[in-house]
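Breakdown of the fold
Letter by letter, the chains look like this.
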Amino acid sequence: MVSFSKIALFAAVAQAAVIPQESPTGLKVKRSGDQDIVTWDKYSFFVNGERVLIYSGEVHPFRNPVQDLHLDVLQKIKALGFNAVSIYVHWGVVEYERGKFNWDGVFNLQPFFDAAKAAGLWVIARPGPYINAESAGGGLPGWGARVEGQWRNSNANYTAAWQPYINSVGKIIAKNQITNGGPIIIAQPENEYSGFMNPDGTLNPQEDLEYERLLLEAFDEAGIVVPTVSNDAWIGGHFTSVDVYGYDNYPAGFDCANPISSWPDPPDYFYAAHRDVAPNTPNSILEYQGGAFDPWGGAGFEQCYKLIGPEMVRVYYKNAYASATHLLNIYMIFGGTNWGHLTNPGGYSSYDYAAAIAEDRTLREKYYEIKLQANFLMVSPAYLTSVPVNVQKFPTSGPNITITELWDEVGEKQRFYIIRQSKPSENTNSAFKVDIETSAGQLTVPQLGNAAFSLPAHDSKILVTDYPAGPVDILYSTLEILTWKVIDGKTVLLLYANTGESGEISVLTNTARKVDVRRGKSNTVTFKQTSSSLTLQFVVGHETVVALDDDILLYVVDRVNAYNFWVPDVNLKDDLPVIIKGGYLLRTAKFSGNTLALTGDTNGTTVFEVIAPKKAQAYTWNGKRIDTDLTRHGTQEGRYRTTTPRVDIPDLARLKWKYINTLPEVSNSYDDSNWVTADHTSTTNKIKPLTPVVLYASDYGFHSGNILWRGHFTAAGGESEFNLSIQGGNAFAYSVWDNDKYLGSFTGAPAPSAHNGTYTLSSWAKDSNHVITILQDHMGLEQNWFGGEENFKSFRGLSDYSFGGANPTLKHWKLTGNLGGEKFVDWARGGYNEGGLFAIRKGYHLPGFDDSKWASKSPLKGISGPGAEFYRTTFNLNIPDGVDYPISIDFGNKVKESYRVEIYVNGWQFGKYIDDIGPQTSFPIPQGILNYKGENTLALSLWSLEDGGAALESIDLVVRNKVEGGVGAVKNSPAPNYTVRPSSY
Ligand code: GAL
């Protein structure tokens, strides 16, 4: 998450940012094993000697604990026209206990790398040690709280902490490098190593070059030979000792509550700033805004999608191309879920991110917009050697337009004009003529009639000149190019614009050509032939297909129809010269003999059009034959009827629910002798507590979920008040009891992460025994954005407490979080999955536990007073194969009350719902966590913070989408059953 301090820092240094920093020469570690598979020059990367645009999307394997669903997401990324995926690895997840690595089961990275390879994507590996990512600790492990001194610099204690991790993950990365036949082409040490702090909290302008050297050395020692990159938080020239300097940018901001109107003007200085800092490497943006994060009590991701929707992609992504960006990674393309307490306090369970691929893996309109752009760039190799040569702004009268001209410095022929609204937040539509440079001299386009070039509000377009599409030389096009392919010697060119706009294309030709409108209205097409060119103008409607003699076929379509086209192989090598129209998603296409076998997803009756070589004699969709007819323009068309069978979804309200009290701790007879005794009298934490013993959960190994404290006292007599200072992270809550008497709660609010409370005691009798029990939330470890800071060590627990009236004698404090703390018991679901509630410590959230002796009660009936109860039920699902039906658990939220629910599905913690803070009310549970073919165990904790108690308003299983197709069989993630936990309490 971009913290406020980061934004402030950014503002302070943004102006200085363009001033190049001397690259720290002499520090660069010599890379071991020379490799020449991934190389670069000042324009772009090369893979196997071929110049490539690296267009990538970010996903976090740790946010998707179903191995078989990786391929689904990766195929969706591939189908965008992308060629890479970028990942973070979360150190704290895999080394929850210091020195003990968990790379098993859902934490095994190998299935992800294998799926990337199968999908045909390269991987950019970003293992940290620090990642940020709105994740618990920003990737740093909880036990780090006890490692003294500054983190993210060359502090020897910190070095000793991260080195085993980088060694462990580094070897996994090394094994999967392209040099070893794997998909990894690039590796990034650290993340946003851009702001630095002194131990006293003042800013330090200097990065720690020794830390950078140690990191590169560790990458080297692990056998990582692919190029290293950095991800500077702005073009500030930090961490330039990597092979290829890179940076990130979130140009549209995070103000989800004020979509579009809050858009800042797009920046125009990227290319120049990049060239100043790193003139000999490609302009590389390691993170570019794919959506937004959202805090507790935030606007919600549907609202963020309005901020970062298709319009944002049109304006700001094209603006990144205007800066000649030749490595572009979209953060996030698929966000996933903060299951198992993986979030930092700045976020909630969903990490949907309003990304192109939603948390439930459905495709948003933005996905299709990105696909148009990526497809174009992949067939425009001159873009890779083009640089901006001219930025023109027309601010005075007339349209407020910015035109960036890119010129191909190597080919010395092509130009790309990126034309955008200068103030894209404003609601202005513009129509004007554009002056362009072409091999035929300067032209003012459109040329025919009185037509104008239209640029609606919140839009941007790319106009090309002297653009070769195979054998066809395009002099210019004001219509945007989606793609082109040469199929059996015929050039098929796909062009698009918004409905109703006019667009023009001029093709160089010295012979008179027959213009034949084969589909669409011929009166929407006008043209002019000269001795050297044929210029055609279209009024763009749904679809017009025009043949220019027999060797050129133009499709001119509106944007929404353009979304329907898929190019299974965007390479220009013509290995698979096929374009398909139709379908929700095209996953794969391949010839088997003369049959073109297609796989993908459909929703509703689909008319496929197949533009393929004559060799294709038959077509199949997911193995079923599609009968096709020849169109007037020589392609094949066939209808496919989707079947999305009805399924029975159990009504959760009608199920038999069992429950227990999950706060036995507030009964007078409760025995906590097996709990951890809080007996530390000193802490390495910089914030020294005022308590007689340290009451910080991480000092005792508890880093997630609920934390419980029990202070045992003997009264002096007359104690009348209990005061405490407690911290749990944003939106946290707590409840306090004196023996079995409820004292009160802090119900929480979106922002406060700490609270000072005062609770009235009913005057204690001298020598009476009292236990103060506190149940608190742990909202996740804080991030640690600044190098050298120790923010992730922010304590969870009490920094101070006192009594009014009289001072009792402390006997001792006890605490618990998840059973075992860092020595957690559930290896399959990992250390973060569990919290400290009684039922969870006992393992009652797990499938297979026999709850028959529990009393019956539904969470819709709920709990009658303050406290916490735990509910269980089971239900069956029977969802057939061959479909993708994402399911969520949804809570009713009309009346907001102070209660909190944790959701456990087959033992996996898959959501935390806060009724009066929100915004999340719908929790997608992926197939594989939900058993789609058989029994499921659903368990809920219900913590009421109100005297009147709490009950769920409603709880439903909701099928969110229905498509036929899907990725194929999805194995359930391991969900080990309940076994007695002998050491539990
Ligand atoms: C970047 C950071 C990412 C993520 C992103 C916001 O600054 O590198 O890890 O936190 O901001 O979502």
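If you're wondering where the values come from, they're calculated on a predicted model, not measured in any experiment.

Notes on the nonpolar core
Counting residues in each nonpolar core, the largest one holds 274 residues, and the members touching the most others are Tyr55, Leu596 and Ile774. Setting aside anything within four residues of it in sequence, one finds Tyr55 in contact with Phe82, Asn83, Ala84, Tyr317, Tyr321, Leu328, Ile330, Ile370, Ala374, Leu377 and Met378.

Digging into the packing of aromatic side chains
Enumeration according to the criterion identifies 72 aromatic pairs in this entry. For the ring pair Phe432 and Phe453, a centre distance of 5.6 Å and an interplane angle of 65 degrees mean the geometry is edge-to-face. Here Phe432 is found in strand β14 (residues 430-432), whereas its partner Phe453 is found in strand β17 (residues 453-455), with 21 residues between them in sequence. Here Phe732 and Tyr734 contribute two aromatic rings whose centre-to-centre distance is 6.0 Å and whose plane-to-plane angle is 25 degrees, an arrangement assigned as stacked. As far as the burial class goes, Phe732 and Tyr734 line up, both buried. Through a chain of ring-to-ring contacts, three or more aromatic side chains come together here, namely Trp91, Trp143, Trp151, Tyr158, Trp162, Tyr165, Tyr193, Phe196, Tyr211, Phe239 and Phe792. Sitting over the ring of Tyr351, Arg63 keeps its end group 3.6 Å from the ring centre. Taking NZ or CZ as reference, Lys371 lies 3.8 Å from the ring centre of Trp566, over its face.

Some remarks on the sheet that holds strand β38 (residues 676-677)
Pairing within the open sheet is antiparallel, and its six strands lie in the order β38-β47-β40-β45-β42-β43. Strands at the two margins of the open sheet, each flanked by one partner only, are β38 and β43 (741-746). Note that β38 and strand β47 (residues 809-816) share two bridges and pair antiparallel. The residue of β47 that forms the bridge with Val676 is Leu815.

Considerations on unusual backbone geometry
Cis geometry marks the peptide bond from Gly128 to Pro129, where omega comes out at 20 degrees. In this structure, Pro129 sits in the loop between β6 (122-128) and α5 (156-175). One non-glycine residue, Ile260, lies in positive phi territory at about 60 degrees. Following the sequence through the fold, Ile260 ends up in the loop between β8 (247-249) and α7 (270-277). The exposure class of Ile260 is buried, given its relative accessible area of 14%.

Things to note about the domain arrangement of the protein
Looking at the protein, the domain boundaries give domain 1 (6-334), domain 2 (387-580), domain 3 (652-660 + 826-964) and domain 4 (664-816). For domain 1 and domain 3, the distance between their C-alpha centres works out to 34 Å. At the junction of the two partners, domain 1 supplies 24 residues and domain 3 supplies 18 residues. Summing both sides of the interface, domain 1 and domain 3 together bury roughly 1,400 Å²; the carbon and sulfur share of this comes to 70%. Summed over the three residues of domain 1 that lose the most area to domain 3, namely Pro65, Tyr96 and Trp296, the buried surface amounts to 34% of that side. Viewed at the interface, domain 3 and domain 1 are joined by zero salt bridges. At the junction of domain 1 and domain 3, the tally comes to three residue pairs in polar contact (both at pLDDT 80 or more).

Points about the packing of α5 against helix α6 (residues 209-221)
Contact geometry of α5 with α6 gives a least axis separation of 10 Å together with a crossing angle of 25 degrees. Between α5 and α6, the crossing angle belongs to the class labelled roughly parallel. For α5 against α6, the interelement crossing comes out right-handed. Contact with α5, carried on its side by Tyr158, Thr159, Trp162, Gln163 and Ile166, involves Tyr211, Leu214, Leu215, Ala218 and Phe219 of α6 and no other residues of that element. Of the residues in the contact of α5 with α6, the class split is eight nonpolar, two polar and no charged.

Looking at helix α4 (residues 110-119)
Every buried residue of α4 is listed here: Gln110, Phe112, Phe113, Ala115, Ala116 and Ala119. Here the buried face of α4 lies against α2 (70-79), β5 (84-88), β6, α5 and β7 (184-189).

Comments concerning the pairing of strand β51 (residues 887-891)
Among the five residues in β51, five count as buried, and that is most of the element. With burial as the criterion, each face of β51 is covered, one bearing Ile887, Ile889 and Phe891 and the other bearing Ser888 and Asp890. Pairing of β51 with strand β54 (residues 922-925), which is carried by four bridges, proceeds in the antiparallel orientation. Each residue of the ladder has a partner; that of Ile887, found in β54, is Ile925.

A word on the sheet that holds strand β32 (residues 606-611)
Taken in spatial order, the five strands line up as β28-β29-β32-β36-β35 in an open sheet, and their pairing is antiparallel. Each edge of the open sheet is held by one strand with a lone partner, namely β28 (565-566) and β35 (629-630). Two strands pair when backbone bridges link them, and strand β29 (residues 579-581) and β32 are joined in this way by three bridges, in the antiparallel orientation. Bridged to Ile579 within β32 is Ile611.

Details of the state of the cysteines
Here the structure, examined in full by the defined rule, presents one disulfide. Paired by a disulfide, Cys256 and Cys304 hold their sulfur atoms 2.1 Å apart. On the sign convention where negative means left-handed, the S-S torsion of about 100 degrees between Cys256 and Cys304 marks this disulfide as right-handed. Taken together, the residues Cys256 in the loop between β8 and α7 and Cys304 in helix α8 (residues 301-307) connect sequence positions 48 residues apart. Residue Cys256 shares its accessibility class with Cys304, and that shared class is buried.

Thoughts on the pattern of salt bridges
In the structure shown here, the tally under the stated rule is 53 salt bridges. One salt bridge connects Asp884 with Arg361, and the closest N-O pair in it is separated by 2.8 Å. Of this pair, Asp884 sits in strand β50 (residues 883-884) while Arg361 sits in the loop between β10 (327-331) and α10 (365-378), placing them 523 residues apart in sequence. Taking the relative accessible area as the measure of exposure, Asp884 reaches 8% and is therefore buried. Between Asp826 and Arg829 there is a salt bridge, with its nearest N and O atoms 2.7 Å apart. The exposure class of Arg829 is buried, given its relative accessible area of 1%.

As for the confidence of the model for the protein
Summary statistics for the protein give a mean pLDDT of 95 and a share of 96% for residues scoring 70 or more. Counted against residues more than four places away or in other chains, residues 1-5, with its pLDDT under 50, gives 12 contacts. Low confidence marks residues 7-30, where pLDDT is under 50. Its contacts with residues over four positions away, or in another chain, come to 34 contacts.

A closer look at α6
Helical periodicity: at 3.6 residues per turn, an α-helix aligns residues three or four positions apart in one direction. Compared with an ideal rise of 1.5 Å per residue, which puts 13 residues at 18 Å, α6 spans 18 Å between its outermost C-alpha atoms and is within 8% of the ideal. At its buried positions, α6 is contacted by β6, α5 and β7. Measuring from the backbone nitrogen of Glu210 back to the side-chain oxygen at the start of α6 gives 3.1 Å, which picks out Asp208 as the cap. Immediately downstream of α6, the backbone of Gly223 shows phi near 95 degrees, a positive value.

Overview of the side chain of Glu190
The topology assignment puts Glu190 in the loop between β7 and α6. Side chain to side chain, Glu190 and Tyr211 meet in a polar contact 2.6 Å long.

Reading the values: rules and limits
- Residue numbers here run from 1 along each chain, matching the order of that chain's written sequence.
- Local features in this predicted model are restricted to residues whose pLDDT is 70 or higher, and side-chain atom pairs enter the listing and the counts only when it is 80 or higher, whereas totals over whole chains, interfaces and linings include all residues.
- As a convention, hydrogens and water are excluded, and side-chain values are obtained from all of the structure's heavy atoms.
- To define a nonpolar core, start from buried Ala, Val, Leu, Ile, Met, Phe, Trp, Tyr and Cys residues and group those joined through side-chain atoms within 4.5 Å.
- Burial status follows relative accessibility: with a 1.4 Å probe on protein chains alone, a residue under 20% of its type maximum counts as buried, one over 50% as exposed, and anything between as partly exposed.
- Contacts are assigned to residue pairs that have any heavy atoms within 4.5 Å of one another.
- Aromatic pairing here means that ring centres of Phe, Tyr or Trp (its six-membered ring) are within 6.5 Å. Orientation follows from the plane angle: under 30 degrees is stacked, over 60 is edge-to-face, and everything else is tilted.
- Note on conventions: DSSP H or I runs of at least 4 residues are helices, E runs of at least 2 residues are strands, and numbering of each starts at the N terminus.
- Charge-over-ring contacts are defined here by two conditions on Lys NZ or Arg CZ: a distance within 6 Å of the ring centre and an angle within 35 degrees of the ring normal.
- Here a strand pair is declared whenever DSSP counts at least two bridges between the two strands.
- Where each domain begins and ends is defined by an automated method or by a domain database.
- A quick way to say it: buried area is the sum, across both parts, of accessible area lost when two parts are put together, with a 1.4 Å probe.
- We define a salt bridge as a side-chain nitrogen of Lys or Arg found within 4 Å of a carboxyl oxygen belonging to Asp or Glu.
- N or O atoms within 3.5 Å of each other form a polar contact, as long as, within protein, one can give a hydrogen and the other can take it, and as long as residues adjacent in sequence are counted only when both atoms are side-chain atoms.
- Every angle, taken between N-to-C directions, lies between 0 and 180 degrees, and every axis is a line fitted to C-alpha atoms, over only the stretch in contact when it is a helix.
- Relative orientations are named as follows: roughly parallel for angles under 35 degrees, roughly antiparallel for angles over 145 degrees, roughly perpendicular for angles from 65 to 115 degrees, and oblique for any other angle.
- Left-handed describes a crossing whose near helix is turned anticlockwise from the far helix by less than a right angle; the clockwise case is right-handed.
- Only Asp, Glu, Lys and Arg are considered charged, only Ala, Val, Leu, Ile, Met, Phe, Trp, Tyr, Cys and Pro nonpolar, and every remaining residue, Gly among them, polar.
- Sulfur atoms of two cysteines make up a disulfide when they are within 2.5 Å.
- Confidence of the predictor at the level of single residues is captured by pLDDT, which takes values from 0 to 100.
- Here the expected length of a helix is defined as 1.5 Å per residue gap, with one fewer gap than residues.

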